[in-house]
Amino acid sequence: MIEERALVVAVDGGLPPLARVKTQRVSACQSCQLKSGCGQSSFAKLGGEKSIELILPNTLEVVTGDVVMIGIPENGLLMASVVMFLLPLICMVSLATSAQLIFQLADVYIALVGGVGLLLGFLLARRYSKSRESNPDFSPIMLRFMMKTNTEAACVSRG
């Protein structure tokens, strides 16, 4: 299970109860000693530190302000990564190679066919992703509390 800390920013008491959580996206460069001379660190700085918001089932009965640990199974993340990164490349190379071998086209047309293959691969990856939306292997879940908001103390201190 790959885990990440998240802050609960909103709770919906509907059926099923949902919680909106926010995680801080950070790169591995923060803890690396070589970050000053690394190109990857430069790209991470350009992107900035952004947060990601997710809507998850409220299985822990959290309230706004709680900090929870969320997780996603490794095999689901690995499969999603393979599909999202390799499938478009495989489609691009396959179509470009096939077009070259079968039709003996000029390089410009081979590049265009490769671009079509890349787009086809992205569409197939998107279709695969949509078909797995309800699969628990591809969905993050709340695992445990990291820090629970004391709602009684918050009410007393505001009064």
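Everything discussed here concerns the structure shown above.
Draft legend 1. Structural context of the sheet that holds strand 4 (residues 67–72). As summarised here, the arrangement of the five strands in space is 3-2-1-4-5, forming an open sheet in which the pairing is antiparallel. Looking along the sheet, the strands with just one partner apiece sit at the ends: strand 3 (51–57) and strand 5 (141–147). Strand-to-strand twist across the sheet, computed as the mean angle between neighbouring axes with direction ignored, equals 40°. For strand 2 (residues 18–24) and strand 3, the ladder comprises seven bridges, and the chain directions are antiparallel. Residue arginine 20 lies in a different strand from strand 3, and its bridge partner there is isoleucine 55.

Draft legend 2. Broad picture of the side chain of threonine 23. On the secondary structure map, threonine 23 appears in strand 2. Not counting residues within four places of it along the chain, the set of residues in contact with threonine 23 comprises Glu4, Arg5, Ala6, Lys50, Ser51, Ile52 and Ile70.

Draft legend 3. Seen up close, helix 3 (residues 107–131). When the terminal C-alpha atoms of helix 3 are compared, their 36 Å separation across 25 residues agrees well with the 36 Å that a helix rising 1.5 Å per residue should span. By the burial criterion, the buried members of helix 3 are Ile110, Gly114, Gly117, Gly121 and Ala125. In this structure, the buried side of helix 3 is in contact with helix 2 (74–103).

Draft legend 4. Structural view of the layout of surface pockets. As a volume, the largest pocket reaches approximately 570 Å³. If you trace the largest pocket, you find 20 residues lining it, with Ile2, Glu4, Ile52, Ile72 and Leu77 closest to the centre. If you list the elements that add at least two residues to the lining of the largest pocket, you get strand 1 (2–12), strand 2, strand 3, strand 4 and helix 2. The element best represented in the lining of the largest pocket is helix 2, accounting for six residues. For the second largest pocket, the calculated volume is near 240 Å³. Residue lining of the second largest pocket: Ala80, Val83, Met84, Arg126, Tyr128, Ser129, Lys130, Arg132, Glu133, Phe138 and Ser139, and that is the complete set. Secondary-structure elements contributing two or more residues to the lining of the second largest pocket are helix 2 and helix 3. The element that contributes the greatest number of residues to the lining of the second largest pocket is helix 3, accounting for four residues.

Rules used in this analysis
Residues numbered from 1 in each chain as written. Predicted model: local features only at pLDDT ≥ 70, side-chain atom pairs only at ≥ 80, totals over all residues. Heavy atoms only, no water. Pairing = 2+ DSSP bridges. Helix = DSSP H or I, 4+ residues; strand = E, 2+ residues; numbered from the N terminus. Axes fitted to C-alpha atoms, helices over the stretch in contact; angles between N-to-C directions. Contact = heavy atoms within 4.5 Å. Expected span 1.5 Å × (residues − 1). Buried < 20%, exposed > 50% of the residue type's maximum accessible area, 1.4 Å probe, protein only. 1 Å grid on protein atoms, 1.4 Å probe; cavity = no way out; pocket = protein on both sides within 12 Å on 5 of 7 lines; lining within 4 Å. Points joined across faces, edges and corners; volume = space filled by probe spheres on them.

Bear in mind that shape data such as this cannot, by itself, settle questions of function.
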